[in-house]
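# Overview (structure and organization)
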Amino acid sequence: MFNYLEYIREKNFPHIWCAGCGDGIVLKAILRAIEKSGISLDETVMVSGIGCSSRTPGYVDMNTLHTTHGRAIPFATGVKHGNPKLNVIVITGDGDATAIGGNHLIHAARRNIDITVLLYNNYIYGMTGGQCSPTTPTGSRAATAPFGNIEPPFNTSGLAIAAGASFVARADVYNVANCEKMIAMALAKKGFSLVEILTPCPTAFGRRNKMASPVKLMEWLRDNAVPAAKWKKMTEEERRGRMETGVLMDVDKPEYTAEYEKLVTSLRTGK
Amino acid sequence: MKKVIMGNHAVSYGVRASEAQVISAYPITPQTHIVELLSEMCGNGEINAKFIKVESEHSAMAACIGASAAGTRAFTATSSQGLLLMHEMLHWAVGARLPIVLANVNRAVGPPWSIWTDQNDSLSQRDVGWFQIYCESNQETQDTVPQAFKIAEQLQMPVMLVLDAFFLSHTYEIVDIIEKEQVRKFLPPYNPEIKIDTKDPHSFGNLAGPDMYMELRYMIQEAMEKGLDVIKKVDDEFREVFGRGYGLIEPYRCDDAEIILVTSGTVASTTRAVIDAMRGEGVAIGALKIRVFRPFPFEEIFAVLSKAKKVAVIDRNISFGCHGIFFQEIKSALYGRTDIPVLGYIAGLGGRDVTPGVIREIAENAISNKNPERYINWIGVKR
């Protein structure tokens, strides 16, 4: 039996997440993945921005940094540069990382700096009460789109791949075993890695979109988040409105802090 | 029609009645209700405005700048970190002389994270050149919106109205709702002399060399100085239509007061209750609410305070390494013209309640304090 108590700050519980929120499931998956990957908590820094997801570092017993809206990735970039030996994990959400901090996401991916971004995608700004985010599906209702969202959403994983991330995976809290596995793989990867984790928000998203019950949202994930093996056999028609889960990109390429060290060494030694 | 509404919605109703044409915003607690209600109003036709959802507060103000330059009436709302992220664009709105109206819900700045009220967010923007009006009640908040547009458009200057987080933003009060038909008698349609117009093209935001830049800055200061009279006139015109007005400052039982407490925002209401209680006990005490902070009404404040023997300023803010910010301004309003001692009190940071007990403690300290060499008196701080 996994002992979560070894990894959390018990005094900060109960957590602030609503009943039916998937963020607690992600938290537990992260802790199991950390244990599985064998990284030391003392050498790990968890950085977050703003939003429901970004409360995660408050609950874990490691070095944590709760920063401003959208800026977790630049803070983490500074941490990694300051001490490249640290394992740096960024906890962020769809609003935090693809709206106000969207620029940082693409540039960190482009540089391929060795940080692990765990992006909780709940399709909405949950903490501020359900405003439309860049991943809110077209047609869905939100507090700032009471008559339906007319904007097309980002494919966040696709964005990270296009920007040059060396590891990108999508996971969901219904298939939690896969979620844990994807996080462990991302942690093990040298280079910029991102796991987009689909997680339900019954309070701010479901309630406005005929999925007020947490079970309904879980069923929606079950039916629409499709593991890669099954995805490959699906027709274009069957794929419409669904998301492929699993590893979407995994390549080895030069990592930013290592390249930086190499350059400095060569300038100083002439080699 | 009277309604019981929250302070945030008072802003929304004020914007509806002012017929803003472009609203651009990004969610942040505790402001979000303002723009949520406005997005509904845009949808159901209660207001004929375009609602732009953007990806940050910086973009929200940038969109307002664009909309205003295009000749439309633009509005946004924010709070705390959001206002700070807008900082660059706040300067831009002033330099471009665009009459944008912004509602800022006063919220403490992190870290540590806090969603509760204090004034350091708006006061940290005091030197950018925005008008700043601090509201005390939901009625005043609603009424200040059309006033803000009128002031802004007459002077081509942006105006920020400010309300306390939770103590006002989330508190329900009875508000006499103003309607656009009435407001039209007071606020004419926005029709700027210069705007982005394909038939009459201009260049906006161009380079100004050292031979021109200073004059443009002088003109901003000139608009600020004119602003005091404009605000008074606009307030009078508002009173003619609606029977209510608020002034630059609001003295309370100051005429024969030996000691005057200076406050702003919701602390002003609590202070009046303390004044009444202490007057009942025979203490010659009064209160002065500062409503308009930029431009700073030096003369009006001097006229009230110079009759007192002592002044105590309650600041829900601090300029680190100096004093409370209202305290500094009050000192400079009196400087060289009187030797009335001014005492500064810091209270209520990060949403700590400023109760009648706290205000009485300040008043009693100020009365007994014979030697105010300590300019910063921290109230209720644990050390």
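Calculation criteria
Residues numbered from 1 in each chain as written. Chains lettered and ligands numbered in written order. Predicted model: local features only at pLDDT ≥ 70, side-chain atom pairs only at ≥ 80, totals over all residues. Heavy atoms only, no water. Helix = DSSP H or I, 4+ residues; strand = E, 2+ residues; numbered from the N terminus. Rg over C-alpha atoms; globule rule 2.2 N^0.38 Å. Buried < 20%, exposed > 50% of the residue type's maximum accessible area, 1.4 Å probe, protein only. Areas by Shrake-Rupley, 256 points an atom, 1.4 Å probe, with all protein chains shown as cover. Lys, Arg positive; Asp, Glu negative; His and termini not counted. Charge placed at Lys NZ, Arg CZ, Asp CG, Glu CD. Pairing = 2+ DSSP bridges. Domains from an automatic or database assignment. Contact = heavy atoms within 4.5 Å. Buried area = accessible area lost by both parts, 1.4 Å probe.

What follows covers the overall build of chain B. Each helix and strand in chain B was counted, giving 13 helices and 15 strands. Over its C-alpha atoms chain B spans a radius of gyration of 21 Å, differing by no more than 12% from the 21 Å that the globule rule assigns to 383 residues. Taking the principal axes of the C-alpha coordinates as reference, chain B spans close to 70 × 55 × 45 Å. Across the 383 residues of chain B, 57% fall into the buried class. Carbon and sulfur atoms form 54% of the exposed surface of chain B, whose accessible area is close to 15,700 Å². Between the mean site of the 39 positive side-chain charges and the mean site of the 46 negative ones, chain B shows a separation of 2 Å.

In this section: the pairing of strand β4 (residues 74–79) of chain B. Residues and elements named next belong to chain B. Burial analysis of β4 places six of its six residues in the buried class, the great majority of the element. Burial along β4 is two-sided: the residues Ala74, Thr76 and Thr78 and Phe75, Ala77 and Ser79 are all buried. Alignment of strand β2 (residues 22–25) against β4, held across two bridges, turns out to be parallel. Counted as the bridge partner of isoleucine 23 is phenylalanine 75 from β4. By the bridge criterion, five bridges tie β4 to strand β5 (residues 101–106) in an arrangement that is parallel. Following the sheet pairing, phenylalanine 75 is matched in β5 by valine 101.

Residue and element names in this part refer to chain B. Each assigned domain of chain B is listed here: domain 1 (2–242) and domain 2 (249–378). Computed from C-alpha atoms alone, the centre-to-centre distance between domain 1 and domain 2 is 28 Å. Across the contact, 29 residues belong to domain 1 and 30 residues belong to domain 2. Taking both partners together, domain 1 and domain 2 bury about 2,400 Å²; carbon and sulfur atoms supply 51% of that area.

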